[in-house]
Amino acid sequence: MVLEHSVWSDDAFDRAKQLYMSYYRSIPKSLERSTAHKLMLAMLNGDERFVEPTPHSLQNLTLESVRAAVMDQFVTDNMEGSLGVTGKVAAM
């Protein structure tokens, strides 16, 4: 993945929040998803890091807090690169 720069849009952020809200509201409509959701909550003692975000947690998010959380994960300490070469390589 090559990142030249990042673009953070309020409209895209709002659409993503609405998508997650819609997904959360549809959980009770599916027996499989409802069971999986309740099972994960029980196994993880309600830790929201591993289950679908609640509407309350989504409302507490801001574009700036999400941007900071994502950008903090892009550090050069844990990145590596590889170069693939096919064909003949001339000696220099």
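Data block above holds the structure.
The text that follows walks through the structure, step by step, so that each part is easy to find. Model, not experiment: these values are computed from the prediction. (Residues numbered from 1 in each chain as written. Predicted model: local features only at pLDDT ≥ 70, side-chain atom pairs only at ≥ 80, totals over all residues. Heavy atoms only, no water.)

1. Digging into the pattern of salt bridges
Step number 1: Overall, the coordinates contain two salt bridges when judged by the stated rule.
Step number 2: The salt bridge partner of R49 is D47, with a shortest N-O separation of 2.6 Å.
Step number 3: The partner of R67 in a salt bridge is E64, and the shortest N-O contact between them spans 2.8 Å. In this pair, R67 and E64 are both assigned in helix α4 (residues 63–71), three residues apart and thus about one turn of the helix distant. (Salt bridge = Lys/Arg side-chain N within 4 Å of Asp/Glu carboxyl O. Helix = DSSP H or I, 4+ residues; strand = E, 2+ residues; numbered from the N terminus.)

2. Structural notes on the side chain of S57
Step number 1: Position of S57 among the secondary structure elements: in helix α3 (residues 55–60).
Step number 2: Using a relative accessible area of 19% as the deciding quantity, one classes S57 as buried.
Step number 3: A distance of 2.6 Å separates a polar atom in the side chain of S57 from a polar atom in the side chain of T54. (Buried < 20%, exposed > 50% of the residue type's maximum accessible area, 1.4 Å probe, protein only. Polar contact = N/O pair within 3.5 Å; in protein donor to acceptor, adjacent residues only side chain to side chain.)

3. Observations regarding the side chain of S34
Step number 1: Following the sequence through the fold, S34 ends up in helix α2 (residues 31–43).
Step number 2: Given a relative accessible area of 14%, S34 falls into the buried group.
Step number 3: With sequence-adjacent residues up to four places away left out, S34 is seen in contact with I27 and P28. (Contact = heavy atoms within 4.5 Å.)

4. Side note on the layout of surface pockets
Step number 1: The computed volume of the largest pocket comes to approximately 240 Å³.
Step number 2: As for the largest pocket, its lining consists of 13 residues, and the residues nearest its centre are F13, A16, Y20, L61 and V66.
Step number 3: Elements that contribute at least two residues to the lining of the largest pocket include exactly α1 (10–26) and α4.
Step number 4: Per-element accounting of the lining of the largest pocket gives the leading share, five residues, to α1. (1 Å grid on protein atoms, 1.4 Å probe; cavity = no way out; pocket = protein on both sides within 12 Å on 5 of 7 lines; lining within 4 Å. Points joined across faces, edges and corners; volume = space filled by probe spheres on them.)

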